[in-house]
Amino acid sequence: MLKVSKILGASSGSSSEFAAVDDLIAYSASGGVVVCNIKERSLEIERQRFFCVNSLSSKSELFSDKVDEYDFPVDSEIEIVSRQGSTSPSKESFGDSFGSSATSLPSSSSSMSSVSHSVHDVNRPIRPVSMKKMDDFSPLSSMSNRIRSINCIALSPDKKLLAVGEIGYQPRILIYSLAPGSNFKPISIIQEHLFGINSLCFSPDSKKLCSLGLVNDGFIIIWKLYQNGKFYIQFDASNKCTSIVNKLVWHNDFIITGGLRNIKIWKENQKSVTRSPGSSSLLKGRNVLLKQFLNSNFIDIAVLSTFEILVLSDQNNLGLVDLSEDSIIIRNLVTLPSHTNQILVDKTGENIILARSKVLEKMSINEILQEASKTFDVDPKNIKPTPSSPTK
């Protein structure tokens with residue numbers, strides 16, 4: 001018998017493969033996602049679980065109405081959700097219980113996919129499964145086009161759900177329950193984006209999920225996660241989004257995307273309308289007037305207050321956006337230390353945490369705002385454009 005005692009290291013290539021909510025952190029590691037509970041004072045790992053997204057577990061034929069501690073289904077058949085509604089995966093289309101084709105090779109990033117469970121607690125025994133021989137697969141030339149890997153993850157604010165987005169062959173969004181002792185398989189799978197998922201984020205009340213496709217996919221979509229108090233995923237709203245996006249944030253009723261020469265504020269139509277399967281409401285978007293930031297590439301966004309957000313450019317310029325204004329513009333605040341690549345407002349709302357070159361620094365927000373108020377938008381030359389920007 002094999003058992004997972006500890007998972008060391010990570011394979012996260014960007015901030016989209018890392019998520020944190022209070023004492024819960026998640027990050028990609030090989031062909032799965034590690035979810036850890038962290039002790040508040042000592043910062044030691046209290047509990048560690050591994051969700052293997054490319055498990056070769058055989059498809060179960062026994063289903064029940066059993067639910068876990070968070071009222072998510074445990075042994076029900078996994079539904080594949082798209083804008084047309086939901087369907088149950090067939091053996092022909094989905095050889096394993098996670099929607100992987102029976103004739104396809106496991107992901108190249110799935111070095112841990114040979115275990116039979118897709119979520120493991122420390123010291124929980126697992127059984128090895130028999131691997132198919134190479135002769136059982138079609139030629140490698142066709143298999144090379146069927147590789148997929150994790151590209152983004154998200155944790156719900158209520159710490160009950162994990163969402164994993166993929167890129168590659170038939171990319172999926174896998175939804176897992178984080179309930180103690182939850183089942184090893186996803187509770188639902190979304191297959192709508194054709195080329196891959198760029199970013200994921202949950203609504204503040206954890207009742208909806210926003211998925212953003214890659215540039216060549218061109219869609220931002222809102223998914224309802226509950227209906228009449230029960231877990232049920234439904235296509236809700238969408239719109240075209242063909243900009244290069246580096247950051248996706250859901251703040252109150254606003255969804256904010258920031259990227260190359262673009263910051264856009266999206267808002268869902270709040271009118272309650274009964275719609276047929278496959279139809280959706282329009283997700284309305286407004287472009288932020290960039291002014292002197294016109295040639296900037298925005299790499300991070302942090303929430304400052306109810307109607308204010310901070311944005312960071314790749315040239316270390318920090319900007320302020322007021323979402324309550326009729327004409328939403330960005331104002332330059334300060335040029336941050338070089339190599340700053342991420343920003344975060346602390347829980348007190350008094351300081352901003354800067355991440356740069358493996359170093360964390362703290363700056364007073366009041367001091368930044370007071371200094372910036374003297375020179376708001378006075379000298380556009382302080383805004384450095386992104387060098388050698390692509391045409392799009």
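Computed from a predicted structure; not experimentally measured. (Residues numbered from 1 in each chain as written. Predicted model: local features only at pLDDT ≥ 70, side-chain atom pairs only at ≥ 80, totals over all residues. Heavy atoms only, no water.)

Sheet strands line up and pair through hydrogen bonds in the backbone, either parallel or antiparallel. Strand order in this open sheet of four strands is E22-E23-E24-E25, and the pairing throughout is antiparallel. Bordering the open sheet on either side are strand E22 (298-303) and strand E25 (330-335), each of which pairs with just one other strand. Going across the sheet, the axis of each strand differs from the next one's by a mean of 25 degrees, ignoring polarity. Judged from the five bridges that link them, E22 and strand E23 (residues 308-313) form a sheet pairing that is antiparallel. Across the sheet, residue Val303 finds its bridge partner in E23, namely Ile309. The sheet strands contacting helix H2 (residues 365-373) are strand E24 (317-322) and E25, and the helix crosses E25 at an angle near 110 degrees. (Pairing = 2+ DSSP bridges. Helix = DSSP H or I, 4+ residues; strand = E, 2+ residues; numbered from the N terminus. Axes fitted to C-alpha atoms, helices over the stretch in contact; angles between N-to-C directions. Contact = heavy atoms within 4.5 Å.)

Bringing the pattern of salt bridges into the picture now. Two side chains carrying opposite charge are able to pair once their charged atoms lie near each other. This model, assessed by the stated rule, comprises 10 salt bridges. Note that Arg331 and Glu325 form a salt bridge whose closest N and O atoms lie 3.0 Å from each other. For Arg331, a relative accessible area of 22% puts it in the partly exposed group. Here the salt bridges share partners, and the residues they tie into one network are Arg148, Glu166 and Arg172. (Salt bridge = Lys/Arg side-chain N within 4 Å of Asp/Glu carboxyl O. Buried < 20%, exposed > 50% of the residue type's maximum accessible area, 1.4 Å probe, protein only.)

Segments scoring low in pLDDT should not have their predicted coordinates read at a detailed level. On average, residues of the chain carry a pLDDT of 80, and 75% of them reach 70 or more. Segment residues 122-141 is flagged for pLDDT under 50; beyond a separation of four residues in sequence, or across chains, it makes 41 contacts in the model. (pLDDT = per-residue confidence, 0-100.)

Attention now moves to the side chain of Glu268. Within the secondary structure, Glu268 is located in strand E20 (residues 262-268). Within polar-contact distance, the side chain of Glu268 engages the side chain of Lys208 at 2.9 Å. (Polar contact = N/O pair within 3.5 Å; in protein donor to acceptor, adjacent residues only side chain to side chain.)

What follows is about the side chain of Asn262. In this structure, Asn262 sits in strand E20. The class for Asn262 is buried, based on a relative accessible area of 14%. Once you skip the residues sitting within four places of it in the chain, Asn262 turns out to touch Ser243, Thr257, Asn287, Leu290 and Phe298.

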